[in-house]
Amino acid sequence: MNRFYTFFLIILFVGSANAQLPGEYDPTFYIGTGANSNIQELLLQPDGKLLAAGGFSLYDGFDKGEIVRLLPNGMFDPDFSSGTGVADDYEAIFGIDLQPDGKIIIGGSFSFYNGTPCNNIARLLPNGQLDTTFDTGIGSDGQINDLVLQPDGKIVICGYFTAYDGIASRGLARINTDGSFDTTFMVGTGATD
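Attention in this report is confined to the structure presented alongside it. (Residues numbered from 1 in each chain as written. Predicted model: local features only at pLDDT ≥ 70, side-chain atom pairs only at ≥ 80, totals over all residues. Heavy atoms only, no water.)

1. Here's the deal with the overall build of the protein
Stated formally: The helix and strand labels rest on DSSP assignments: H or I over at least four residues marks a helix, E over at least two residues marks a strand, and numbering proceeds from the N terminus. Partly exposed describes any residue whose relative accessible area lies between the buried limit of under 20% and the exposed limit of over 50%, with all areas from a 1.4 Å probe on protein chains only and scaled to the type maximum. Contacts were defined at the residue level, with two residues in contact if any of their heavy atoms lie within 4.5 Å. Per-residue and other accessible areas follow the Shrake-Rupley method at a 1.4 Å probe size, with only the shown protein chains counted as cover for residues.
A tally of helices and strands in the protein yields one helix and 15 strands. Taken across its 193 residues, the protein has 40% of its residues classed as buried. Considering only intrachain contacts with a sequence separation of at least 6, the fraction spanning at least 24 residues in the protein is 34%. Total accessible area on the protein is roughly 10700 Å²; 59% of this is exposed by carbon and sulfur atoms.

2. Considerations on the sheet that holds strand β5 (residues 67–70)
Applied cut-off: When DSSP locates at least two bridges between a pair of strands, those strands are taken to pair. Note on geometry: axes are lines fitted to C-alpha atoms, helical ones only across the stretch in contact, with angles between N-to-C directions running from 0 to 180 degrees.
One open sheet holds the three strands; their spatial order is β1-β2-β5, and the pairing between them is antiparallel. With partners counted over all chains shown, the strands left at the sheet margins are β1 (39–44) and β5, one partner each. Adjacent strand axes in the sheet meet at a mean angle of 20° when their direction is disregarded. In terms of strand pairing, strand β2 (residues 50–54) meets β5 through four bridges, oriented antiparallel. By the bridge assignment for β5, Leu51 is matched with Arg69.

3. Quick look at the nonpolar core
Note the threshold: Throughout this description, the term nonpolar core refers to a set of buried Ala, Val, Leu, Ile, Met, Phe, Trp, Tyr and Cys residues connected via side-chain atoms within 4.5 Å.
Membership of the largest hydrophobic core comes to 17 residues, with the highest contact counts inside it found for Ile67, Ile96, Ile104, Ile106, Tyr113 and Leu124. Sorting elements by how many residues they give to this core places strand β6 (residues 92–98) first, with three residues. Not counting chain neighbours up to four residues away, the residues in contact with Ile96 comprise Glu41, Leu43, Leu51, Ala53, Ile67, Ile104, Ile105, Ile106 and Leu147. With 13 residues, the next largest nonpolar core counts Ile144, Tyr164, Ile175 and Phe181 among its residues.

4. Focus on the sheet that holds β6
Through backbone hydrogen bonds, the strands of a sheet pair up, either in parallel or in antiparallel fashion. Read from one edge to the other, the open sheet built from three strands follows the order β6-β7-β10, with strand pairing classed as antiparallel. Each edge of the open sheet is held by one strand with a lone partner, namely β6 and β10 (121–124). Taking each pair of neighbouring strands and ignoring which way they run, the sheet shows an average axis angle of 25°. The pairing of β6 with strand β7 (residues 104–109) spans six bridges and is classified as antiparallel. Its bridge partner being in β7, Asp97 is matched across the sheet by Ile105.

5. Quick word on the pattern of salt bridges
Where charged atoms from two side chains of opposite charge come close, those side chains can pair. Note the cut-off: The term salt bridge refers to a side-chain nitrogen of Lys or Arg lying within 4 Å of a carboxyl oxygen of Asp or Glu.
Applying the stated rule across the entire model yields six salt bridges. A salt bridge links Lys49 to Asp77, with the shortest nitrogen-to-oxygen separation between them at 3.1 Å. With Lys49 in the loop between β1 and β2 and Asp77 in the loop between β5 and β6, this residue pair connects regions lying 28 residues apart in the sequence. As far as burial versus exposure is concerned, Lys49 and Asp77 are alike and both buried. A salt bridge links Lys154 to Asp182, with the shortest nitrogen-to-oxygen separation between them at 3.1 Å.

6. Thoughts on the packing of aromatic side chains
The description of two aromatic rings rests on the distance between their centres and on the angle between their planes. Selection rule: The aromatic pairing rule takes the rings of Phe, Tyr and Trp, using the six-membered ring of Trp, and pairs them if the centres are within 6.5 Å, calling planes under 30 degrees apart stacked, those over 60 edge-to-face and the rest tilted. By the criterion adopted, a ring carries a charge over it if an Arg CZ or a Lys NZ lies within 6 Å of its centre and within 35 degrees of its normal.
Scanning all chains against the criterion turns up four aromatic pairs. When the centroid spacing of 5.7 Å and the interplanar angle of 65° are considered together, the rings of Tyr59 and Phe76 count as edge-to-face. With a gap of 17 residues between them, Tyr59 in strand β3 (residues 58–59) and Phe76 in the loop between β5 and β6 connect regions that are remote in the sequence. Judged by its relative accessible area of 5%, Tyr59 falls in the buried class. Phe76 sits in the partly exposed class, given a relative accessible area of 22%. A cation over a ring is seen here: Lys64 above Phe76, with NZ or CZ 4.1 Å from the ring centre.

Shown next, in the form of structure tokens:
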């Protein structure tokens, strides 16, 4: 009789532990009212926190300036504050990547981050504040659609731009770790559209 009850309890435990199958809605993940507009990019950090960026100005009813970091349970991370972020009705973040040191690279269609001029690209400190040591000069002259961090720390960007910091580079460019244009990566006339 003891074997039967032990087996039953194991089945009950395993069954409840696997109650949610992959792809099923997780009711324990809090989203509240969510974003008031589109989320373009999600990035899972190694610590289980989730960065969400896009064209939203509000997340769960709070002003988040197009970028928010969530704890593994879906609640706001109180250690991350974007201030006004890239807050403007027509501005958005389209690309995001995470450096090994926890700094966050963002690219998109924006002119400011938290009130500081930065054309379409910026680096944030792990707490969400602008990293002013990342000097992009005048940045890109058009929207950055995506970006990727290379193993050497350089950043490849692509989008609707014809120049980066005044240097011709149509649609594709590589940025050095300090934010400057990488002149060793020249795309010639670049993409035509």
